[in-house]
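The chain contents come next:
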Amino acid sequence: MPASRFTQTGNYRTKYQQDQTIFATYSEQLSLIVLIGLLLLLPLILPKTMLRDVNMIMIYAVAVIGLNITTGYTGLINIGQAAFMGVGAYATALAATRLNLPFFLAIPIGGLAGALVGTFVGLPSLRLKYLYLAVATLAFQIIFEWGVGHTPLLAQGGAISLPQVQVFGVKATFFNHNFVWYYLILPVLVVMGLLWRNVLRTKHGRSLIAVRDNDRAAAAMGINPGTAKIMAFMIGSFYAGIAGGLFAYFQKAVVIEDYGLHISIQLLAMAIVGGLGSLPGSFLGPLFIVTLDRLVGNGSQWLGTQNLFPAGVDVATALRPLSFGLAIVLFLMFEPRGLANWWRLSRLYFKKWPYKF
Amino acid sequence: MELLPQLLIAGVVIGSVYALAALGFVLIYKSSRVINFAHGQIIATGAFIAFALTQRGVNFWLAGLIAMLATFLLGMLIERVFLRRMVGQPIIAVIMVTIGLSSVIDGLIHLTPYGAGTFAFERPALLTGQGIELFGLPLSKTQIAGVLMALGLLGGFTYFFNKSTLGITMRAVADDQMAAMSVGTSVERVFALAWAAAGLTAAAAGVILGLMSGLTLGGLAGIGLKVFPVVILGGLDSVVGAIVGGMLIGILENLSAGYLDGIVPGGGTREVFPFIILIIVLLIRPYGLFGTKEIERV
């Protein structure tokens, strides 16, 4: 063990067991506990209007972890993550409204439905690579949207409203909806994050990374690339399904617009801006994109009142895609490793302080 | 039963636009292995430039030419500024850059007065008046001219690739970049040229589509998605494949609209049928009808 378990002064590990710990020092454990503690207190401090955005960020973070599993860790480009979210959302909605299941059963059913469909959609990955797979998932996204729009059982893409939930005697109402759901989403996000962090350390998680880096080499080392790819799709779409179920309850209704192609692209952008193949990035990406979207929305409302643009131009609908696209392009050109890299660098800086290297 | 020939003709009309759009897509993929998700937006840009010029009183044909020139330069600019840095980056990064660009162009078009509305070209004198009737299907002069223009451009590019030195150079780069470089070909110039040529055909496709069915941002940019079934069916890196794929998808989607809409609740199979074909093609013959076989089984 290190000379001190409070600060890291070097690598003193002598056993594999020590090497496999997630948190090398007490201070790292402590910082996570403090972070979660602060997150628990957050809704008490934050204005109510911002709480809604925080909830959105957390739900998208669950979906982006899933997308990172398929795209970031395994290298299978997936332009259909929102459709998997949609599968989860509709399964949850059906479970809640037709079978009258409580939310803590309905949401896992959404996750399982997502995983099932994801495995099926992932089957082409046995033969296809790279952009062919990207196009296959894109086709699934479009077929999903069309399919929902033509199914009477799913209200043809219209709204299916979900019942309000009751937790520990507290009934979620119009007034405390965001508040209640904050405390329901946060534990799910923490559990899903820790879960993936631990799966990543097993041979299954490692095999995904091996397949991404070089699938033929991985095959030579005894990993079955096909199994790994299918598994990546299964886990990734399970996360999407859970996120979809949460989103359905959080929005109080399921509408097809929430699971369209542009959301898939937004999720991809979140994964890239956060940093592909990194867990902290899966949280930073949604934070960045949702915040950017809100800032641009507010900014363009102000701009719209300044009479700078000709009549008939909706400034918000123009600046939103513009800033969103610019964010993707600039990140890819100048910081392809995403915000996670900044996070890593700043952590290193504090670790090494007062030395530079 | 007059339905079948009518559907076939309608399919060929729209298919020629798809083929033209797919041609630009294939040009880029063939030379630089870049999947261009922003192609639909370039098509829209070309169409709206032409429309804006005709609004200012410029002759329709001249406006079309200027629009093609503008997107020619736009394509070159996009390659120079954004794509040149992405050489050697992972495929996901290249794909995402074009997705980001499509979003940027979308925003820029929304900044002009043409973002939200529906517009129509004022038909030039040559294209007004009575069209002809084929198997009971009235074809306007616009549609005939559109098909002829598309076929002309497609034929021109096929000829260009097979006969001209520059076209052969581009094929050489597509075939083997290293080898092409070692015999003194400027690969960078070829990439820029491919993007420029793609821009040119995109504007043509946009103007033709605008003439046939009006100008909306959503409709024009949506062609960028329709391109995927076309090029997967025809083969991602084949010019002939783009033409055949475009016609086939155009015909098949009209057939599905004609025969399946009655069976499927709600109809509208036209939008989804090409993508079902796409999946089937991917499973059976991923490299398409004319594409290079480079898929490996894992």
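Residues numbered from 1 in each chain as written. Chains lettered and ligands numbered in written order. Predicted model: local features only at pLDDT ≥ 70, side-chain atom pairs only at ≥ 80, totals over all residues. Heavy atoms only, no water.

## Here we look at the overall build of chain B
Filter applied, for reference: A run of DSSP states H or I qualifies as a helix once it reaches four residues; a run of E qualifies as a strand once it reaches two. Both are numbered from the N-terminal end. We take the radius of gyration over the C-alpha atoms and set the globule estimate at 2.2 Å times the residue count to the 0.38 power.
A count of helices and strands for chain B gives eleven helices and two strands. Going from the N terminus to the C terminus, chain B shows its helices and strands as α-α-α-α-β-β-α-α-α-α-α-α-α. Against the compact-globule benchmark of 19 Å for 298 residues, chain B has a radius of gyration of 19 Å, which places it among compact chains. Taking the principal axes of the C-alpha coordinates as reference, chain B spans close to 60 × 50 × 35 Å.

## Section: the side chain of histidine 39 of chain B
Residues and elements named next belong to chain B. Convention followed: Burial classes follow relative accessibility: with a 1.4 Å probe on protein chains only, a residue under 20% of its type's maximum area counts as buried, one over 50% as exposed, and anything between as partly exposed. Contacts: residue pairs with any heavy atoms within 4.5 Å of one another.
Structurally, the position occupied by histidine 39 is in helix α2 (residues 39-55). Owing to a relative accessible area of 1%, histidine 39 belongs among the buried residues under this scheme. Histidine 39 has contacts with Ala21, Gly24, Phe25, Ala198 and Ala202, leaving out every residue within four places of it along the chain.

## A word on the packing of helix α11 (residues 261-274) of chain A against helix α13 (residues 315-334) of chain A
In a pair of packed helices, the angle between the axes and the distance between the axes together describe the arrangement. All names here are of chain A. Filter applied, for reference: Axis lines are fitted through C-alpha atoms, for helices just across the contact stretch, and the angle between N-to-C directions can take any value from 0 to 180 degrees. Note: crossing handedness is left-handed where the near helix turns anticlockwise from the far helix by less than a right angle, and right-handed where it turns clockwise. Polar here means any residue other than Ala, Val, Leu, Ile, Met, Phe, Trp, Tyr, Cys and Pro, which are nonpolar, and Asp, Glu, Lys and Arg, which are charged; Gly is therefore polar.
At a closest axis distance of 10 Å, the pairing of α11 and α13 adopts a crossing angle of 35°. The crossing of α11 and α13 is left-handed. From α11, Ile265, Gln266, Ala269, Ile272 and Val273 reach across to α13, where they touch Phe324, Ile328, Phe331 and Leu332. The residue makeup of the contact of α11 with α13, split by class, is eight nonpolar, one polar and no charged.

## Considerations on the confidence of the model for chain B
Residues and elements named next belong to chain B. Note the threshold: Within a predicted model, pLDDT stands for the predictor's per-residue confidence, ranging from 0 to 100.
Model confidence for chain B is summarised by a mean pLDDT of 83, while 94% of its residues fall at 70 or above. Mean pLDDT across the secondary structure elements of chain B bottoms out at strand β1 (residues 132-134), with 69, and peaks at α2, with 90. ipTM for the predicted complex: 0.87, alongside a pTM of 0.88.

## Some thoughts on the interface of chain A and chain B
The condition that has to hold: Here the quantity called buried area is the accessible surface, traced with a 1.4 Å probe, that two parts lose on coming together, added over both. Should a side-chain nitrogen of Lys or Arg be within 4 Å of a carboxyl oxygen of Asp or Glu, the pair is scored as a salt bridge. In protein, a polar contact means a hydrogen-donor-capable atom and an acceptor-capable atom, both N or O and within 3.5 Å, with residues adjacent in sequence counting only if both atoms are side-chain atoms; elsewhere, any N or O pair within 3.5 Å suffices.
Between chain A and chain B, the contact holds 46 residues from the first and 50 residues from the second. When the two sides are added together, the surface that chain A and chain B hide from each other amounts to roughly 4200 Å², 79% of it contributed by carbon and sulfur. Taken as a group, Arg127, Tyr132 and Trp146 of chain A account for 19% of the area that chain A buries against chain B, more than any other trio of residues on that side. On the surface where chain A and chain B come into contact, there are zero salt bridges. Counting across the interface, chain A meets chain B through one residue pair in polar contact (both at pLDDT 80 or more). Tallied by class, the residues present in the side of chain A that touches chain B amount to 36 nonpolar, five polar and five charged.

## Details of the confidence of the model for chain A
When the pLDDT values of chain A are averaged, the result is 85; 93% of them are 70 or greater. When mean pLDDT is compared element by element in chain A, helix α4 (residues 81-97) of chain A scores highest at 92, while strand β3 (residues 170-171) of chain A scores lowest at 69.

## Details of the nonpolar core
What counts, and what does not: Take the buried Ala, Val, Leu, Ile, Met, Phe, Trp, Tyr and Cys residues and link them wherever side-chain atoms come within 4.5 Å; each set so joined is a nonpolar core.
One finds Trp181, Trp196 and Leu267 of chain A together with Leu83 of chain B to be the most contacted residues of the largest nonpolar core, which totals 190 residues. Once residues within four sequence positions are removed from consideration, tryptophan 181 of chain A is found in contact with Asn55, Phe103, Ile107, Val165, Leu246, Tyr249 and Phe250 of chain A. Counting residues in each nonpolar core, the second largest holds five residues, with Val296, Leu319 and Leu322 of chain A together with Val104 of chain B among its members.

## Describing the packing of aromatic side chains
Note on aromatic pairs: each is described by the distance of the centres and the angle between the planes. We count it as follows: Two aromatic rings, drawn from Phe, Tyr or Trp (for Trp, its six-membered ring), form a pair once their centres lie within 6.5 Å of each other, and the interplanar angle then sorts them: stacked below 30 degrees, edge-to-face above 60, tilted otherwise.
Taken as a whole and judged by the stated rule, the model has 22 aromatic pairs over all chains. Taking 5.3 Å as the distance between ring centres and 65° as the angle between the ring planes, the aromatic pair formed by tyrosine 73 of chain A and tryptophan 196 of chain A counts as edge-to-face. Taken together, the residues tyrosine 73 of chain A in helix α3 (residues 48-73) and tryptophan 196 of chain A in helix α7 (residues 177-199) connect sequence positions 123 residues apart. An identical accessibility class is assigned to tyrosine 73 of chain A and tryptophan 196 of chain A; each is buried. Seen from their ring centres, phenylalanine 37 of chain B and phenylalanine 228 of chain B are 4.9 Å apart, and the 40° between their planes marks the pair as tilted. Residue phenylalanine 37 of chain B is located in the loop between α1 (3-32) and α2, and its partner phenylalanine 228 of chain B is located in helix α9 (residues 217-234); the two are separated by 191 residues in the primary sequence. On the basis of relative accessibility, which here comes to 12%, the residue phenylalanine 37 of chain B falls in the buried class. The exposure class of phenylalanine 228 of chain B is buried, given its relative accessible area of 1%. Put simply, the rings of Phe84, Tyr90, Phe140 and Phe144 of chain A touch in pairs and so form one group of aromatic residues.

## A short note on a nonpolar patch on the surface
Applied cut-off: Patches in this entry comprise residues that are over 30% relatively accessible and not in a salt bridge; like charges within 9 Å are linked, as are nonpolar side chains (Val, Leu, Ile, Met, Phe, Trp, Tyr) within 5 Å. In this description, accessible areas are obtained by the Shrake-Rupley approach with a 1.4 Å probe, and a residue is regarded as covered only by the protein chains that are shown.
A cluster of nonpolar side chains, contributed by Val240, Val244, Leu248, Leu289 and Phe290 of chain B, occupies part of the molecular surface with about 360 Å² of accessible area. Here valine 244 of chain B lies in helix α10 (residues 239-259).

## Quick look at the packing of α2 of chain B against α9 of chain B
All names here are of chain B. Our working definition: Oblique is the label for any angle not under 35 degrees, not over 145, and not in the 65 to 115 range, which are roughly parallel, roughly antiparallel and roughly perpendicular in turn.
For the pair α2 and α9, interaxial distance at closest approach is 6 Å and the crossing angle is 140°. The angle between α2 and α9 places the two elements in the oblique class. Crossing of α2 over α9 shows right-handed handedness. Where α2 approaches α9, its residues Gly40, Gln41, Ile43, Ala44, Ala47 and Phe48 are matched on the opposing element by Leu217, Leu220, Ala221, Ile223 and Gly224. Here the contact of α2 with α9 is built from residues that sort into eight nonpolar, three polar and no charged.

## What to know about the pattern of salt bridges
Per the counting criterion, the structure on display carries eight salt bridges over all chains. The shortest N-O distance in the salt bridge between lysine 229 of chain A and aspartate 215 of chain A comes to 3.6 Å. Of this pair, lysine 229 of chain A sits in helix α10 (residues 225-251) while aspartate 215 of chain A is found in helix α9 (residues 215-220), placing the two residues 14 residues apart along the sequence. There is no split in this pair, since lysine 229 of chain A and aspartate 215 of chain A are both buried. Linking glutamate 253 of chain B and arginine 270 of chain B is a salt bridge whose minimum nitrogen-to-oxygen distance equals 3.9 Å.

## With respect to unusual backbone geometry
Phi angles above zero are rare outside glycine, and lysine 252 of chain A is one such case at about 70°. Its location among the elements puts lysine 252 of chain A in the loop between α10 and β4 (253-254). On the basis of relative accessible area, lysine 252 of chain A is assigned to the partly exposed category, the value being 30%. Its identity is not glycine, yet arginine 33 of chain B carries a phi of approximately 60°, on the positive side. Locating arginine 33 of chain B in the fold gives a position in the loop between α1 and α2.

## Concerning helix α5 (residues 141-163) of chain B
All names here are of chain B. Put simply, the rule is: An expected span of 1.5 Å times one less than the residue number is assigned to each helix.
Given a rise of 1.5 Å per residue, 23 residues ought to cover 33 Å, and the 32 Å separating the end C-alpha atoms of α5 matches this to within 8%. Within the sequence span of α5, burial applies to Thr142, Ala145, Gly146, Val147, Ala150, Leu154, Phe157 and Phe161. Buried residues along α5 sit in contact with α1, α6 (165-175), α8 (187-213) and α10.

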